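Listed below, chain by chain, are the residues.
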Amino acid sequence: MSQIKEYELQNSKGAKVKVINLGARLISLIIPTKKYGEINTILTYVHAEQYALDPMFHGAIAGPVCNRIAQGKFQLNEQDYQLEQNEGTNLLHSGSMGLHQRFWQVFELSKNSITLQIKQEHCNDGFPGNVTFQLQYTLTENNTLNLHWSASTDQDTPINLTSHSYFNLAGFGDIKNHYIKITADSYTPQDEQQIPTGEVASVTNTVFDLRQFTLLSEILTSNDPEILRWGGLDHNWTYQDNHQLQLQAELYCLDTQLLLKVESTLPAMQCYTGNQLGVFGIHGTHEGICLEPQFYPNSVNQKNFPSTILKKNQTISQQINLIFTEIEYEHIINIERKKI
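Residues numbered from 1 in each chain as written. Predicted model: local features only at pLDDT ≥ 70, side-chain atom pairs only at ≥ 80, totals over all residues. Heavy atoms only, no water.

### A few points about the overall build of the chain
And then number 1: When you go through the chain residue by residue, the secondary structure sums to two helices and 26 strands.
And then number 2: The C-alpha radius of gyration computed for the chain amounts to 19 Å, which stays within 12% of the reference 20 Å derived for 340 residues, consistent with globular compactness.
And then number 3: Summarising its shape, the C-alpha atoms of the chain cover approximately 55 × 45 × 40 Å along the three principal directions.
And then number 4: Across the 340 residues that make up the chain, the buried fraction comes to 59%.
And then number 5: Partitioning the intrachain contacts of the chain with sequence separation of at least 6 by distance along the chain shows that 66% fall at a separation of at least 24. (Helix = DSSP H or I, 4+ residues; strand = E, 2+ residues; numbered from the N terminus. Rg over C-alpha atoms; globule rule 2.2 N^0.38 Å. Buried < 20%, exposed > 50% of the residue type's maximum accessible area, 1.4 Å probe, protein only. Contact = heavy atoms within 4.5 Å.)

Written out as structure tokens, the structure is:
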């Protein structure tokens, strides 16, 4: 039986990252600050063993297909696939056999970088193909954590990985005193089961227009029907599908003067404000925020969305950068308190 093992990365500036082999999870992401010392910028559990029972995907690599698949089913090459239905009638983050609950093997390890690998057998979790996944975390000297993932397959199969950490740049408390900026011009409206309708809509004149820094407390106390329905944000924004690294979101904590920039080569990003975190009694509601670069949710059932199908004998490769900077509020251009 595999055991949970912990690995630490560090740079000369004092930043430290801890990773475990279960789900290739980030369990600590410590950034040093001049005024407030070391801050663990993600929500964690006290004991590594708690991640085996974690229902909230803390720090995990979610896949092989993250987010939701309607009815837990799809058709590929004229064959129907029925998957687990672990969120009502839908599949969320690939269910109980997803990559988040499986043990990855350490492929390479150095002081500031770790590469992990896992092999998914054909239909072991309902998805076709023998697929090899590889993930590399690299902590740079400028306090950036680079995530690079790749996948190769011997059959056509859907692939959509994301990193699912809950950020809190204060290190404790809730996220209401954080500012959020999401650079996207469009988003995917969703139905009552959080499945995209297929439309890609403009964020203009909606609660999803976060192209200027917006205080999260103003969003979370909004009377907008979408916020009231889900208790906060749990929605998907869309970007140019040009396979180039692009800035997708920024998160700023007024209390600690920490700024997080999220860059990615992926065409979408899910933002989730931890609306159900308090249900499980370990963390509080809205104690952390997920910024999850990925493909569109339910892409495998929407022909007009960017395709998640990885073709036989091909490889996909994607990049996510988490860039941390300590900066005074007055020096951030265009921060405004915008009323929702």
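### Structural notes on empty space enclosed by the protein
And then number 1: By the definition in use, this model includes two cavities of 30 Å³ or more.
And then number 2: Reported here for the largest cavity is a volume of approximately 50 Å³.
And then number 3: Taken together, Val65, Cys66, Arg68, Ile69, Pro158, Asn160, Tyr296, Pro297, Asn298, Ser299, Val300 and Thr308 form the lining of the largest cavity.
And then number 4: Within this model, the second largest cavity holds a volume of roughly 40 Å³.
And then number 5: If you trace the second largest cavity, you find it lined by Leu147, Ser163, Ser165, Phe167, Leu291, Pro293, Ile320 and Leu322.
And then number 6: Residue assignment for the lining of the second largest cavity shows that the elements contributing at least two residues are strand 24 (290-294) and strand 26 (315-326).
And then number 7: Split into classes, the residues belonging to the lining of the second largest cavity amount to six nonpolar, two polar and no charged. (1 Å grid on protein atoms, 1.4 Å probe; cavity = no way out; pocket = protein on both sides within 12 Å on 5 of 7 lines; lining within 4 Å. Points joined across faces, edges and corners; volume = space filled by probe spheres on them. Nonpolar A, V, L, I, M, F, W, Y, C, P; charged D, E, K, R; others polar.)

### What about the pairing of strand 13 (residues 144-153)?
And then number 1: The element strand 13 is largely enclosed, with a buried count of eight among its ten residues.
And then number 2: Where strand 12 (residues 131-139) lies against strand 13, nine bridges are found, and the strand directions are antiparallel. When the sheet's bridge partners are listed, Leu139 is paired in strand 13 with Leu145.
And then number 3: Hairpin geometry of strand 12 and strand 13 is characterised by an intervening segment of four residues between the two adjacent antiparallel strands and by a positive phi of about 60° at Asn143.
And then number 4: Pairing geometry for strand 13 and strand 26, over nine bridges, is antiparallel. When the bridges of strand 26 are listed, Leu145 appears paired with Leu322. (Pairing = 2+ DSSP bridges.)

### Comments concerning the state of the cysteines
And then number 1: Scanning all chains against the criterion turns up zero disulfides.
And then number 2: Cysteine Cys66 shares no disulfide, and the gap to the nearest cysteine sulfur, in Cys290, comes to 12 Å. (Disulfide = S-S within 2.5 Å.)

### Regarding the pattern of salt bridges
And then number 1: In this structure the tally under the stated criterion is nine salt bridges.
And then number 2: Between Glu6 and Lys18 there is a salt bridge, with the nearest N and O atoms lying 3.5 Å from each other. Here Lys18 lies in strand 2 (residues 16-20) and Glu6 lies in strand 1 (residues 6-10), a separation of twelve residues in the sequence.
And then number 3: On the basis of relative accessibility, which here comes to 45%, the residue Glu6 falls in the partly exposed class.
And then number 4: With a relative accessible area of 28%, Lys18 lands in the partly exposed category.
And then number 5: Sharing partners across several salt bridges, the network here consists of Arg68, Glu87 and Asp234. (Salt bridge = Lys/Arg side-chain N within 4 Å of Asp/Glu carboxyl O.)

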